[in-house]
Structure formats: C-alpha cells, structure tokens
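Now for the letters of each chain:
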Amino acid sequence: MRFIPINLLLLVSVATISSSYLFAGYQPPKKQYKLWYDKPAPDLPINNLDSLNLKALVEATPIDPAWENWSLPIGNGYLGASVFGRTVTERIQLTENSLASKSLYGGVGLTNFAELYIDFNHATPLNYSRSLNLNEAVAAVKYEQDGVVYEREYFAGYPDKVLVIKLTCGQKGKLSFTLRPQIPYKKEFGPASGNNGRMGKVVAKNDLITLSGKLENLNLLFEGQFKVIPSGGNMKASNDASEDNGKIVVTGADAAIIIVAVGTNYKLESRVFLENNNSKKLNGDAAPHDKVSFIIEKASHKSYAQLLAGHKKDYRNLFSRVNLNLSSVESRLTTDNLLKNYKAGIIDHYLEELYFQYGRYLLICSSRPGTLPPNLQGIWSQYDITPWTGGYWHNINIQMNYWPVFNTNLTELFQSFVDYNLAYREAATKIATQYIKKNNPAMLSPIEGDNGWTIGTGASAYNIGAPGGHSGPGTGGLTTKMFWDYYEFTGDLKILKNISYPAILGMSKFLSKVVVDTAGLLLASPSYSPEQRRQGKEHYKTTGCAFDQQMIFENHNDVLKASKKIGDKSTILPVLRHQLPKLDPVQVGWSGQVKEYREENYYGEIVDPKHRHISQLVGLYPGTIINSKTPAWMDAAKESLERRGDKATGWGMAFRLNLWARAKDGDRAYLLYQTLLQKSTLDNLWDTHPPFQIDGNFGGTAGVAEMLLQSHEGFIDLLPALPQKWNKGSFNGLLARGNFEISAQWDNCRAKEFTIKSKIGGICNLKYFNIHQAVIKNASGKIVDLVSRERDFIGFNTKPGEVYVISTIPEYKKPTNPSNPVIKWNKNEKIAIQWDKSPDAVAYNVYTHFGDSPGYRLIQSKVTATSVECQTPELKKMKYGLLRVTAVDKSGRESSGVRIPVAYKENASETN
C-alpha cells in the first residue's frame, strides 16, 4: 500500500506566476470594496431545519438563521470564521474543513469546529458599524458605549495560519471582556448517538484556552488554542469543575489581541481514502496538540502590526491582480440596503463589481496550497451535519468552485485541489477497475493502472465514490477539464507533464473502457445525466447521454493535444484516436435543442424540462466542442437554454450565466447575473441554493469574467459578451489561455484600448471587431509586426514580461438580424421564405440545417430581396429541420441569424 503525505505531494514551482502585477495600463483597485452594516447580526429565533423543509439534507438540529444571512466570513484555508459583530456577546463561529462526523448518507460530513464567544455586555451601542473590507481581507466593528468608542479588527492570515482579533477602546482601562470558546453538538459516545459522539473539554490556563476533543466516528482528534495578549488591566483564567467551560476574563485593559489556531489529526494521504473502515482511517495518528501549539507560539512572538502586515502582503498579491470598473461609485448604502434596492430594480453597478470581487475573495479565503479545497460551503459551516455533507460534489459543484481560479488570475490557488486529487488518486484507480469489472468486464485490463482512474459525484476529505446512481462517468471528465485548463492558462510544460497530463491520461484510460459499440457508435453504458429523474421517480438510466459523451470527447481530445506537446507515445493514444469520431457528443432534437438523451425527440419529453442541472451543455461550458465554429450546435444550445429557463438554484443560475456568456449573448448573460443577485443572494452576499452554498458565488464571478474575456477557441476573444448596460468601463488583469494578462477600456460598448502582458512569451492571437485596423505597439512605443492579420483577427509574437497596447480601433456596429420570418411550403415542394428588412443589410444569406451536423449549409447567398424561394429535398425527408437567415452588411459580416423551424407535412401548410 502506497501512502502519499501532503508534504510529499507533487508541488510544481510555477515560475510563470509572477508576484508583480504592475504594468502599463494596469492599476490596483482604487475603490474600496466593502460589505458593511449599521447593526450587528441580529439575534433571531432559533430554527429547526425540518421546519425549513431541509430535513432530507441535514439533521433537524437547531441553527441560528443569522449565521448564513448576516455573519461575515473570513478565512485562510486552514480555518474559516464567521463574524457576527454583536456587542453584548460576540459570536465567532469556527470551521476547519477536515472536521467531520457521520452523515445522513452513510458517509461523513463537515461539522462545526467551535463557537467562540466574547462577552462585552454592551447593550446600548451608538453609531454602530461593522464591515468586511475585501481589499484588505479585514473585518471590523466600531461603536460607542457609555461615551467610549470600541473597535475590533479580525483577519485570518495565511502566512501564520491563525485568526487574529484586535480589541481597542478610546479610553484607557475601559476594555473588559470574557473569552469563552465552546465545543458545539457534544454527544455521548455509543449507540445513543448512533456511534456519532463528540466529546471534549475546554481548559483555561494563564493566557491560553485549549479546546480539545474527539469525534467517535472517525477517531478524529481536534484542538483549538485561544491566546489572549492584553495591554494593561488584569487577566484571570478559570475553569468549572468539569473542565468544560474554561474562560479568560480581562478587566480594565487598554487593548487586547486574541490569536486562534486550530487543527486535527487528519493527514491528506492516500491511506485515508484507501481505508474503508472509518474508525481506522486516522487510527494511531498523533494528536494535533504539538502542531497547534507551534502555530500559536510562533504567531504570538510577532506583534499585531507584523501579523497584519504579513497577512496584507500575502492577500494583496492575489486580490489586487484584477480590477473591474463598470463606471460605478462606491455606495453609501449599507450592503443589505444596497442589495434590497437592487432586488427592487434599482440597479447599482457597484454591487455588481462588489459581488464579482467577493467571489475572488472567498476563493482566496478557502483554497490555499497546503489546505483542503473549498467544499459546498467553502470553509464555513455552523451545522452539526452540513447540508449535503458539505462535500466535494463532482457533478458540477467542486468544478464550479474553481471556475474563477484561472480567468480571474488566481492560478496558484488550484494547488489545493491538485493535492486533494493526488491523495485520492490511488483509491480512484481501484474504483475504476471495480467499475469496469461490473459494467464492461470485456474491457477490463489485468495490468495495474491500465484501467485509469475515476471519480463519482459524492466525495469528502475521507471518501470518494464511483460514478452511477444519478450521474454518469462524465463526472471524471468534468473534473479533469480543470487540469487541462490549468496547463492552458499557465502554459507551463512542467505543469502539463507532471500534473495535468497524468490526470487526463488516466481518465481517458478509464473512459475508453466505459463505452460500448452501439450500431457503430461508442456510447457510455450505463449513463446518467446528473440528478435527472423520470416523472419524479428513479434517476433516469440510459446509454450515451450528452453529459457523458461530451465529457469523454473533451477528455480524449485534450489528451491527444497534450501528447503532441510533450511527445508522449502511450499505447492508449491510437485507441483514443479511433474512439474520438465515434463518440457522437452532440445531437439536435426536433425542438431544435441539444438533446439530453439520444432517445429524446422533443425537448423535455423524458425528464424534468426545467431542471437545475443543464448537463447536456457541458460541451459549451466548461467544455469547448460547442463553439463559434459549430454554429448549428451553438444555436441548438441556445434553444436548450431558452427552454430550460432561468429559474434555478443559485448555482444553477450561475451555470446558465456562464453558458450564455459562452454563447456570446451579453445581454442575456447579464440578465442571469442580475437574477442571481436578485433571487439567490443573501444579505452577506453569500449565494443560496437554498440554503447557503458557495458554488453560486464562484460561478457568478467566473461568469462575469467570461463575459469580458474568452480564450478557449485558440484565440483571445476580447469583450465577447459585453452587455449594453455595461456601456462604459474597464478591467485589468484578467487571464487568458497562454498566460496572457489582459486589460481593456471601452466606451459606448466599443473598445478604446487593450493592454496585453505576455507572461511567458509566444504568439498572441486576438479577436475583436476591426482589430486588424488598430495600432499595436510595445511598451517602448514601437509598432509591433504582425504574423497574421485578417478581418477582426491579428496575431503577433510576444516576449516574456513584455507589454503590448492595442489602440485606435475603428468603431463597428453589428448588423441587426432580419425579423418576423415566415415560411410556406409550395405545392411544387419548394419553400418560400419572407422576412422583414434589417436596417443594416445590403444582402441576406439563407442556410439550412438538418440532422446533427455542427454547421449550416448555405443554400442561397447575396439575396437582395426580403424573400426567397428555395428547394431543400433533405428537409422533406426529415421530421425536423431548420432554415436560417442572416443579414449581411456592407463589410461582408453577417448577423447571428434568425432560425426558422421546419416540420415537413404532406399537405402544403404554413408554419412560423
């Protein structure tokens, strides 16, 4: 048995990730992005989860509803803290992502680590404010009580692995408080708790409180230490007889610092995932006391100023890389009122900028090298058993957590998931062999490693599962897409060779063995489109659903591209080349939609047509096979999106936002962004499923970046889905594939200037209207020679670290589509088409589409009238087909086109 400890997991030095992001055209964020409120998190009635109709998700344990709606999150990957800002008794809820107990699903689920209470007994505060500054990752509280101004600062520093709280007052000797951490959800060991007990003690001694204990199910040991460093006054530690309520009382102080460190005996190692007996996963591992003590001791030897400076330097290096300006001004409204107004239709672009940056902030807080990845709740949970276990769900949720990691320039944060994946990879290899043996034994290889690896939907820090049940083997391809993007965005061949290629190659080894020959095609069997049920009953099992076929195609294709870059000659490669054209990843149905199932004719006839998942479009996003070079598939994807509708869970709306952005429809993507904010955003700007689920935050941030910059088609598409409502603005520092850092300025929805920083050199290929007529200079002002130039496209060689500025871009207006198309079958079996004139058109082109082909066939070009008669014998043979009419302007560019469904009938009839 091979163990892989986290400190020995493969870490690649990414020289391409620079620590300096100041270059021509770039400025750090000038605005203060801040969540702020004029009252503490309220003391609301305690709810039971069963009263919220969530009993199926979590145990019916009492919860504080203010936690998910009003607390402010801070974190450093090692711990998450939810700050309430209360004045009588402050509550700071603590989470550590390895702390887990038995879940309702038979596995394990994330659980609350500790509750930290600070009694101030300030019942009548005046001039109250609390805030979370995203520019600095510092939370604050300020108010006046009995004529004395009290202030608090909170931050979770990654360099020192601690939570730090600073308490000050405006008059000497007026600071008094009691610090009393508690272990939540304590239960006796044994049958009474379902062998899911949690016991421990809280002991205070001198300036330190130690909270420690054990969870029965996993033999999981946990410890938190809380060190108090007062300035002036008196300090006393006390314990009750049971050593269960240790506390420290400080009186008459001028100020105080509280330093918090937490830990468990969990180790991110392969043996944790290979061991099936929960009670043995951590058996014999050392208690975390020495580790936590070392962290506290080291941090306490630094001053508050040193701890804060180290935190800010580390955090700013990540956060300040990207700036988004939608021509807003900082709002004077509290965040809850700003959101309330937005929900009432009073749109403020500052909130849109704030939400975008909040997603980046949350990812920085919850995904750091050396820590576990963010789960469904990121790194924040107040629950005994977190909704949906707080797990790593691989049928979209964990992937969505990382959608903004590359395009919003936070690439190194992906290391957290890399380490996690490497730790479970050996168990995933065994699961792959078992899966093939069960479902396609004829393809089983006796050679170790030849069956690849796989991952199902449900996973945690302790277990992973196999595909099936409600999501097919495409979950693996959806996961490895992140690894391919990791290489494409960094352009680092070391990452490709050592991290990305082994991941995607192993996945293709598995996926190549889950397909069966079906009438000449290779289809996944069994196959499930994630979480879809037939008539609300059992999850629908099929063969070759779009989700699985598209993800198999994507992964095979990525492997073949990667193998050429590193010169690999693996014997599996000819198999993948043979399989690729037989996967048939996209089919078009009789409603003009991308079919979710091969047996589907009309949209929604088999499963829920309004389902939160829209997995038949993973080939559009995060995949790439549906793109501008496959216009018929793209239009079919839009049809599916229209029919699915915008109403969904928070993360479901975020998924639709990214899909519409990829479809280059900025106005529709923006509508989804607005809907996400209006329908699925809590007062602390957390996304709600409901309940709170963080993937929607990350998906929303990624979607905004995708509206402004895309690079998945072999070129960098600049402002590809800019909505009309973002009429004027700029962004700095978004990242494109090839490791190009992009900045842009626009006015009246037309680009004024683009700035490109080449991080590693190479050819930079750009697309934007009339960019071939623009002026391109390097940082020294020299005109840049182009290696390619065609209408709306340019390409030029770049040098590592060089900056290039594109300016003087001629304006261009897209042609308007023709409208009100009508078709009629004539008796001579010709189709007569007529439409209303486009004001920009000098001519029109007419196309036809039938079957599953990715493109349209031109049947009439340069039509100058607004009607045409054409004969398409193919359509007569088909139950369903399409005609498409585009407007052509004087430059020769076409509009996106209007589609006209055609259903052939024996009797001549008219259809719209």
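Residues numbered from 1 in each chain as written. Predicted model: local features only at pLDDT ≥ 70, side-chain atom pairs only at ≥ 80, totals over all residues. Heavy atoms only, no water.

A. Spotlight on the overall build of the chain. Within the chain one finds 18 helices and 41 strands. Over its C-alpha trace the chain gives a radius of gyration of 29 Å, about what one expects of a compact globule, namely 29 Å for 912 residues. Taken along its principal axes, the extent of the C-alpha atoms in the chain is 100 × 60 × 55 Å. Counting the 912 residues in the chain, one finds 61% classified as buried. A separation threshold of at least 6 residues defines the contact pool for the chain, and within that pool the share at least 24 residues apart is 68%. With the model as given, the accessible surface of the chain reaches about 33,500 Å², and the carbon-plus-sulfur share is 50%. Between the centroid of the 104 positive side chains of the chain and the centroid of its 87 negative side chains there is a distance of 3 Å. (Helix = DSSP H or I, 4+ residues; strand = E, 2+ residues; numbered from the N terminus. Rg over C-alpha atoms; globule rule 2.2 N^0.38 Å. Buried < 20%, exposed > 50% of the residue type's maximum accessible area, 1.4 Å probe, protein only. Contact = heavy atoms within 4.5 Å. Areas by Shrake-Rupley, 256 points an atom, 1.4 Å probe, with all protein chains shown as cover. Lys, Arg positive; Asp, Glu negative; His and termini not counted. Charge placed at Lys NZ, Arg CZ, Asp CG, Glu CD.)

B. Spatial organisation of the layout of surface pockets. There is about 1,800 Å³ of room inside the largest pocket. Along the wall of the largest pocket there are 48 residues; nearest its centre are Lys-664, Phe-769, Lys-814, Glu-894 and Ser-896. If you list the elements that add at least two residues to the lining of the largest pocket, you get helix 14 (631–644), helix 16 (666–679), strand 25 (716–718), strand 28 (750–758) and strand 39 (881–888). Sort the elements by how many residues they give to the lining of the largest pocket and helix 14 lands first, with 5 residues. (1 Å grid on protein atoms, 1.4 Å probe; cavity = no way out; pocket = protein on both sides within 12 Å on 5 of 7 lines; lining within 4 Å. Points joined across faces, edges and corners; volume = space filled by probe spheres on them.)

C. View of the nonpolar core. Of all hydrophobic cores here, the largest spans 228 residues; its most connected members are Phe-177 and Tyr-361. For Tyr-361, the residues in contact, after removing those within four places along its chain, are Pro-73, Ile-74, Leu-132, Leu-134, Ala-137, Tyr-315 and Phe-319. (Core = buried A, V, L, I, M, F, W, Y, C linked by side-chain atoms within 4.5 Å.)

D. Structural detail: the sheet that holds strand 24 (residues 709–710). Spatially, the 5 strands line up as an open sheet ordered 24-25-29-32-31, and their pairing is mixed. Each of the sheet's edge strands pairs with one partner strand only, and the pair in question is strand 24 and strand 31 (788–790). Sheet analysis places strand 24 next to strand 25, joined by 2 bridges and oriented antiparallel. Bridge pairing in strand 25 links Gln-710 to Asp-717. (Pairing = 2+ DSSP bridges.)

E. Focus on empty space enclosed by the protein. Per the stated rule, a full pass over the model turns up 7 cavities of 30 Å³ or more. What the largest cavity holds in volume is close to 220 Å³. If you trace the largest cavity, you find 20 residues lining it, with Trp-403, Asp-485, Phe-489, Tyr-621 and Arg-737 closest to the centre. Going through the elements one at a time, helix 8 (404–407), helix 10 (474–490), strand 24 and strand 26 (729–736) are the ones with two or more residues in the lining of the largest cavity. Top contributing element to the lining of the largest cavity by residue count: helix 10, with 5 residues. For the lining of the largest cavity, a count of residues per class yields 11 nonpolar, 4 polar and 5 charged. Together, 14 residues line the second largest cavity, and Asn-97, Leu-110, Gly-390, Ser-460 and Ala-461 are the ones closest to its centre. Looking at the lining of the second largest cavity element by element, the count peaks at 3 residues for strand 8 (residues 108–110). (Nonpolar A, V, L, I, M, F, W, Y, C, P; charged D, E, K, R; others polar.)

F. Layout of the pattern of salt bridges. Applying the stated rule across the entire model yields 37 salt bridges. One network of salt bridges, with partners in common, ties together Lys-481, Glu-554, Asp-558 and Lys-561. (Salt bridge = Lys/Arg side-chain N within 4 Å of Asp/Glu carboxyl O.)

G. Seen up close, a positive patch on the surface. On the surface, a cluster of positive charge is contributed by Lys-161, Lys-267, Lys-291 and Lys-298. In this structure, Lys-161 sits in the loop between strand 12 (148–157) and strand 13 (162–169). (Patch = residues over 30% accessible without salt bridge, like charges linked within 9 Å, V, L, I, M, F, W, Y side chains within 5 Å.)

H. A look at helix 14. Here helix 14 is 14 residues long and its end C-alpha atoms lie 20 Å apart, about the 20 Å a rise of 1.5 Å per residue gives. Turning to helix 14, its buried residues number three or more, namely Ala-632, Trp-633, Met-634, Asp-635, Ala-636, Ala-637, Ser-640, Leu-641 and Arg-644. Buried-residue contacts for helix 14 involve helix 15 (650–662), strand 36 (843–849), strand 39 and strand 40 (898–902). Phi for Gly-645, located one or two positions after helix 14, is positive at around 90°. (Expected span 1.5 Å × (residues − 1).)

I. Region of the structure containing the sheet that holds strand 12. Within the open sheet, the 9 strands sit side by side as 1-10-11-12-13-20-17-16-15. Their pairing is antiparallel. Every other strand in the sheet has two partners, leaving strand 1 (34–37) and strand 15 (198–205) as the edge strands with one partner each. The sheet shows a mean angle of 15° between the axes of neighbouring strands, taken without regard to direction. Two elements, strand 12 and strand 13, share 8 bridges in a ladder whose sense is antiparallel. Across the sheet, the residue bridging to Arg-152 is Leu-167, located in strand 13. Packed on one face of the sheet, helix 6 (residues 349–366) meets strand 1 and strand 10 (126–133) and runs near 110° to strand 1. (Axes fitted to C-alpha atoms, helices over the stretch in contact; angles between N-to-C directions.)

J. A look at the side chain of Thr-475. Tracing the chain through its elements places Thr-475 in helix 10. Those residues in contact with Thr-475, other than ones at most four positions away along the chain, are His-394, Asn-395, Gln-399, Ile-455, Gly-456, Thr-457, Pro-467 and Phe-547.

K. Looking closely at unusual backbone geometry. For the bond running from Ser-525 to Pro-526, omega is -5°, close enough to zero to count as cis. Tracing the backbone shows Pro-526 in the loop between strand 23 (521–524) and helix 12 (546–566). In this model, Tyr-621 is joined to Pro-622 through a cis peptide bond whose omega is 5°. With respect to the helices, strands and loops of the structure, Pro-622 is situated in the loop between helix 13 (572–579) and helix 14.

L. Region of interest: the packing of helix 10 against helix 12. Direction vectors running N to C along helix 10 and helix 12 enclose 35°, while the axes themselves pass 8 Å from each other. The two elements helix 10 and helix 12 meet at a crossing, and its hand is left-handed. Where helix 10 approaches helix 12, its residues Gly-474, Thr-475, Gly-477, Leu-478, Thr-480, Lys-481, Trp-484 and Tyr-487 are matched on the opposing element by Phe-547, Asp-548, Met-551, Glu-554, Asn-555, Asp-558, Lys-561, Ala-562 and Lys-565. For the contact of helix 10 with helix 12, the class distribution of residues is 6 nonpolar, 5 polar and 6 charged. (Left-handed = near helix turned anticlockwise from the far one by under 90°.)

M. How the structure looks around the side chain of Gln-593. Along the polypeptide, Gln-593 turns up in the loop between helix 13 and helix 14. Judged by relative accessible area, which is 0%, Gln-593 ranks as buried. Of note is the side chain of Gln-593, whose polar atom sits 3.0 Å from the backbone nitrogen of Ser-591. Ignoring sequence-local partners within four residues, the contact set of Gln-593 consists of Gln-587, Val-588, Glu-600, Asn-601, Tyr-602, Tyr-603, Ala-636, Glu-639 and Ser-640. (Polar contact = N/O pair within 3.5 Å; in protein donor to acceptor, adjacent residues only side chain to side chain.)

N. Inspection of the confidence of the model for the chain at higher detail. In this model, the chain carries a mean pLDDT of 92, and residues with pLDDT of at least 70 account for 93%. Segment residues 1–26 is flagged for pLDDT under 50; beyond a separation of four residues in sequence, or across chains, it makes 71 contacts in the model. (pLDDT = per-residue confidence, 0-100.)

O. Quick look at the packing of aromatic side chains. Inspection of the entire model under this criterion finds 49 aromatic pairs. Ring geometry for Trp-484 versus Tyr-487: centroids 5.5 Å apart, planes at 45°, classification tilted. Of this pair, Trp-484 and Tyr-487 both sit in helix 10, separated by 3 residues, roughly a single helical turn. Taken individually, Trp-484 and Tyr-487 each receive the classification buried, so the pair is uniform in this respect. Here the basic side chain of Arg-884 rests over the ring of Tyr-847, its NZ or CZ set 5.3 Å away from the ring centre. Looking at Arg-893, its charged tip hangs above the ring of Tyr-812, at a distance of 4.2 Å from the centre. (Phe/Tyr/Trp six-rings, centres within 6.5 Å; stacked < 30°, edge-to-face > 60°. Lys NZ or Arg CZ within 6 Å of the ring centre and 35° of its normal.)

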